[in-house]
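# Chain and residue survey
Take a look at the letters that make up each chain.
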Amino acid sequence: MTNVPPLDLTRQYEIIREQINAKVQDVLASGRYIGGSIVDDFEKQFAKYIDVSHCVSCNSGTDALFLALRAVNIGPGDEVITTPFTFFATTEVISAVGATPIFIDINPQTFNLDIQQLEAAITEKTKAILPVHLFGQPVDMTKLMAIARQYNLIVIEDCAQATGAEWNNKKVGSFGDIGCLVFFLLKI
Ligand SMILES: Cc1ncc(COP(=O)(O)O)c(C=O)c1O
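Right, let's walk through the structure included here. (Residues numbered from 1 in each chain as written. Predicted model: local features only at pLDDT ≥ 70, side-chain atom pairs only at ≥ 80, totals over all residues. Heavy atoms only, no water.)

Right, let's get into the state of the cysteines. Counted by the stated rule, this structure contains 0 disulfides. With no disulfide partner, Cys159 has as its closest neighbouring cysteine sulfur the one in Cys180, 7.1 Å distant. (Disulfide = S-S within 2.5 Å.)

Shown next, in the form of structure tokens:
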């Protein structure tokens, strides 16, 4: 029986071994393990890559989503429309800030939330939409943003599984008010 590992990053590492080792050495030599110019530099370069004005790095995608909801004052009494088919953190953070997740079903072709069902789920309590670009496949952000603007709703994009994915030649994470992206090693 052949043992095929689910993930093997050693070959990718070999290709850029020298750059990675040099950067790790820079961090160790700087004596700064939190923040500092290397993190600032990353945030600037990443904001440029996504084509947004600001990037703030966090310890996890869950925290990025949680902080995004807190940053726009979402809390008890607010409803956030999202998808039931995602990693549990998407819904967990909505509950963690005291808001109520409202699920709309997914489109069986894309596995992403079904835009056709979006308007019917909007109530007086709806404050935000939290679309998830699952498996690297972007949500139709043209239609979603049009509905969000029409109803004056905040959009927080969960791009944890879609860093670098594009909708109409524009990176996911740059459509909504805040985008949350992830670099965990199993991610795209
Ligand atoms: C769709 C989705 N949202 C959020 C997260 C949370 O990211 P993290 O595991 O870095 O907290 C993940 C990660 O698995 C994810 O797949």
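So, on to the site of the ligand. Taken together, 14 residues sit near the ligand, with Gly61, Thr62, Asp158, Gln161 and Lys187 positioned nearest. In this structure, Gly61 approaches the ligand through a main-chain N or O atom, which is 2.8 Å from an oxygen atom. Within the side chain of Thr62, an N or O atom sits 2.5 Å from an oxygen atom of the ligand. Within the complex, the protein chains bury 87% of what would otherwise be the 390 Å² of accessible surface of the ligand. Elements that contribute at least two residues to the shell around the ligand include exactly α4 (61–71) and α5 (89–96). For the shell around the ligand, the leading source of residues is α4, giving 3 residues. (Near = heavy atom within 4 Å. Polar contact = N/O pair within 3.5 Å; in protein donor to acceptor, adjacent residues only side chain to side chain. Areas by Shrake-Rupley, 256 points an atom, 1.4 Å probe, with all protein chains shown as cover. Helix = DSSP H or I, 4+ residues; strand = E, 2+ residues; numbered from the N terminus.)

Now for the side chain of His133. With respect to the helices, strands and loops of the structure, His133 is situated in the loop between β3 (126–130) and α7 (141–150). Here His133 is in contact with Asn112, Pro138, Val139, Met141, Glu157, Asp158, Cys159, Gln161, Ala162 and Val172, once residues within four sequence places are set aside. (Contact = heavy atoms within 4.5 Å.)

Before going further, it helps to spend a moment on the pattern of salt bridges. A pair can form between side chains of opposite charge whenever their charged atoms are brought close. One pass over the full model with this rule turns up 5 salt bridges. One salt bridge in this structure joins Asp78 and Lys127, with 3.8 Å as the shortest N-O distance. Highlighted residues: Asp78 in the loop between α4 and β1 (79–82) and Lys127 in strand β3, separated in sequence by 49 residues. Classification of Asp78 by relative accessible area gives buried; the value is 14%. Among the salt bridges present, the one from Glu166 reaches Lys171, with a minimum N-O distance of 3.0 Å. Classification of Lys171 by relative accessible area gives buried; the value is 14%. (Salt bridge = Lys/Arg side-chain N within 4 Å of Asp/Glu carboxyl O. Buried < 20%, exposed > 50% of the residue type's maximum accessible area, 1.4 Å probe, protein only.)

Counting 17 residues, the largest nonpolar core has Leu118, Met141 and Leu144 as its most contacted members. Of all the secondary-structure elements, those providing two or more residues to this core are α6 (118–121) and α7. For this core, the element with the most residues is α7, which contributes 5 residues. With near-sequence residues (within four places) excluded, Leu118 lies in contact with Ile81, Ile104, Ile129, Leu144 and Ile147. Counting residues in each nonpolar core, the second largest holds 15 residues, with Ala68, Leu69, Val80 and Ile156 among its members. (Core = buried A, V, L, I, M, F, W, Y, C linked by side-chain atoms within 4.5 Å.)

Reading across the sheet, the 5 strands line up as β2-β1-β3-β4-β7 and stay open at both edges, with parallel pairing between neighbours. The open sheet is flanked by β2 (100–103) and β7 (178–181), the only strands paired with a single partner. The mean inter-strand angle of the sheet, taken between neighbouring strand axes irrespective of direction, is 25°. Against the sheet, α5 makes contact with β1, β2, β3 and β4 (154–159), and its axis sits at roughly 140° relative to β2, the strand it touches most. (Pairing = 2+ DSSP bridges. Axes fitted to C-alpha atoms, helices over the stretch in contact; angles between N-to-C directions.)

With 4 of its 5 residues buried, β3 lies for the most part within the structure. Examined bridge by bridge, β3 and β4 share 2 bridges and lie parallel to one another. Following the sheet pairing, Ile129 is matched in β4 by Val155. Note on the crossover from β3 through α7 to β4: the handedness is right-handed. (Right-handed = clockwise from strand over helix to strand, strands pointing away.)

Coordinates in, geometry out; function isn't part of it.
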